[in-house]
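# Residue-level structure breakdown
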Amino acid sequence: MKESYSRLIIMFVFSDFKNLSLVGISEMATQLEAKIAPSMLSSDFANLASEAERMVRFGADWLHMDIMDGCVPDSAKSFILLLLCLFISNKQIVSVKWQLDSVLQIAYLDCHLMVTNPLDYVDQLGKAGASGFTFHVEVSKDNWQELVKRIKSKGMRPGVALKPGTPIEEVYPLLEGENAVEMVLVMTVEPGFGGQKFMPDMMNKVRTLRGKYPELDIEVDGGLGPSTIDMAAAAGANCIVAGSSVFGASEPAQVISLLRTSVNKAH
Ligand SMILES: O=C(CO)[C@@H](O)[C@H](O)COP(=O)(O)O
């Protein structure tokens, strides 16, 4: 897919029409490795481009993009979400264009769709340059196969997320067969906003999943930071979304590095 292009330029047309090149970021996971994904929900929305660029510079593997449709709690905040969300709702505000460089690595946009009808967003996210498309199992029980096919046909990597109240068993069917998802996102807070308290109980789900799928990408999201990463890493999570702990740190690069070290040590 994107590897076939020749260079990467992400152009954010956002109020002051900034341009930037993103350098760094990882390729698709081919083995179990740490993927640190700062959550752009905690970034300064007035300076999204430079925020994204600085996270890449600080060593982020992925950029985590939360996309909400107003049906998650605290949706007052969700209307201002992220560049991709803005792109979807108003092409004049933000546009994202891609070119890749074979020498440079690609910017992996890890998109988490907290929406009622994820199918409605596949084409637009594909066009916008999303890399991962993670939808919620709670809203996709009946059409997940069709959804996964569509996601793959647009060159994105399918993932499934589950809310804290959803048993892990509910994702098992989505991990089997030719339309299997390639990542499971275990939410460690209720979806909706950043800065919430990590739920240690969710580690049972991660542990169970890791026991059953030793090579699966397992992502955790919500309340991750220096004080909680060891729990998540020991349970088996390898993809770590971190918002306030990274963006709120005086040295974000150090936090990113600490999260990575913890995952690598545990695995
Ligand atoms: O999806 C969400 C919240 O719904 C997250 O991606 C948050 O943005 C994580 O923020 P922190 O808990 O790390 O501050």
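Residues numbered from 1 in each chain as written. Predicted model: local features only at pLDDT ≥ 70, side-chain atom pairs only at ≥ 80, totals over all residues. Heavy atoms only, no water.

Within an unreviewed UniProt entry, the label attached to the chain reads Ribulose-phosphate 3-epimerase, and the organism entered is Mikania micrantha.

## Here we look at the site of the ligand
Close to the ligand lie 18 residues, the nearest being Asp 66, Gly 192, Gly 223, Gly 243 and Ser 244. In this structure, Gly 195 approaches the ligand through a main-chain N or O atom, which is 2.9 Å from an oxygen atom. Note that an oxygen atom of the ligand is positioned 2.7 Å from one of the backbone N or O atoms of Gly 243. When contributions to the shell around the ligand are tallied by element, the ones reaching two or more residues are strand E4 (62-68), strand E5 (108-114) and strand E10 (239-242). Looking at the shell around the ligand residue by residue, the class counts come to six nonpolar, 10 polar and two charged. (Near = heavy atom within 4 Å. Polar contact = N/O pair within 3.5 Å; in protein donor to acceptor, adjacent residues only side chain to side chain. Helix = DSSP H or I, 4+ residues; strand = E, 2+ residues; numbered from the N terminus. Nonpolar A, V, L, I, M, F, W, Y, C, P; charged D, E, K, R; others polar.)

## Some thoughts on the nonpolar core
Of all hydrophobic cores here, the largest spans 62 residues; its most connected members are Phe 135, Val 171, Val 186 and Leu 209. Residue contacts for Val 186: discarding those within four places in its chain leaves Leu 162, Ile 168, Met 202, Lys 205, Val 206, Leu 209, Ile 218, Glu 219, Val 220 and Asp 221. Formed by six residues, the second largest nonpolar core is a distinct cluster that contains Ala 37, Trp 62, Cys 239 and Val 241. (Core = buried A, V, L, I, M, F, W, Y, C linked by side-chain atoms within 4.5 Å. Buried < 20%, exposed > 50% of the residue type's maximum accessible area, 1.4 Å probe, protein only. Contact = heavy atoms within 4.5 Å.)

## Here we look at the sheet that holds strand E7 (residues 157-162)
Spatial ordering of the open sheet is given by E3-E10-E9-E8-E7-E6-E5-E4, a layout of eight strands whose pairing is parallel. Each of the sheet's edge strands pairs with one partner strand only, and the pair in question is strand E3 (35-38) and E4. The mean inter-strand angle of the sheet, taken between neighbouring strand axes irrespective of direction, is 20°. Note: E5 against strand E6 (residues 132-136), three bridges, orientation parallel. In the strand pairing of E6, Asp 110 is matched with Gly 132. Against the sheet, helix H6 (residues 203-212) touches E7, strand E8 (183-187) and strand E9 (217-221), its axis set at about 175° to E9. Helix H9 (residues 252-266) contacts E3 and E10 of the sheet and is inclined by roughly 145° relative to E3. (Pairing = 2+ DSSP bridges. Axes fitted to C-alpha atoms, helices over the stretch in contact; angles between N-to-C directions.)

## Regarding the side chain of Arg 210
Along the chain, Arg 210 turns up in helix H6. For the buried Arg 210, no salt bridge exists, and the shortest N-O distance to an oppositely charged side chain is 6.0 Å, to Asp 217. Reaching out from Arg 210, the side chain makes a polar contact with the backbone oxygen of Gly 236 at a distance of 2.7 Å. Contacts of Arg 210, omitting those with residues within four sequence positions, involve Leu 32, Glu 215, Leu 216, Ile 218, Ala 235, Gly 236 and Asn 238. (Lys, Arg positive; Asp, Glu negative; His and termini not counted. Salt bridge = Lys/Arg side-chain N within 4 Å of Asp/Glu carboxyl O.)

## Topic: the pairing of E6
Among the five residues in E6, five count as buried, and that is most of the element. Neither face of E6 is left uncovered, since the one carrying Gly 132, Thr 134 and His 136 and the one carrying Phe 133 and Phe 135 both have all their residues buried. One crossover worth recording links E5 to the parallel E6 by way of helix H4 (residues 122-128), and it is right-handed. Here five bridges tie E6 to E7, and the two strands are oriented parallel to one another. Looking at the pairing, Gly 132 lines up with Arg 157 of E7. Each parallel crossover has a hand, and for E6 linked through helix H5 (residues 144-153) to E7 it is right-handed. (Right-handed = clockwise from strand over helix to strand, strands pointing away.)

## Structural notes on H9
Compared with an ideal rise of 1.5 Å per residue, which puts 15 residues at 21 Å, H9 spans 21 Å between its outermost C-alpha atoms and is within 8% of the ideal. All buried positions along H9 are accounted for by Pro 252, Val 255, Ile 256, Leu 259, Ser 262 and Val 263. In a view along the axis of H9, the buried residues occupy a sector of 130°, so they form one face of it. More than 90 degrees from the buried face of H9, the exposed residues found are Gln 254 and Lys 265. Looking at the buried positions of H9, the neighbouring elements they touch are E3, helix H1 (48-57), helix H7 (229-235), E10 and helix H8 (244-247). (Expected span 1.5 Å × (residues − 1). Arc of directions from axis to C-beta.)

## Some remarks on the pattern of salt bridges
Following the criterion strictly, the structure yields eight salt bridges and no others. One salt bridge connects Arg 54 with Glu 51, and the closest N-O pair in it is separated by 2.8 Å. Linking Arg 54 with Glu 51, this pair stays in helix H1, spanning three residues, or about one helical turn. On the accessibility criterion, Glu 51 (10% relative accessible area) is buried. Lys 141 is paired through a salt bridge with Glu 170; the nearest N and O atoms lie 3.1 Å apart. You can see Lys 141 sitting in the loop between E6 and H5 and its partner Glu 170 sitting in the loop between E7 and E8, a full 29 residues away along the chain. According to the relative accessible area criterion, Lys 141 is partly exposed, its value standing at 48%. Note on Glu 170: relative accessible area 28%, which makes it partly exposed. Here the residues in one salt-bridge network are Asp 123, Arg 150 and Lys 154, joined through shared partners.

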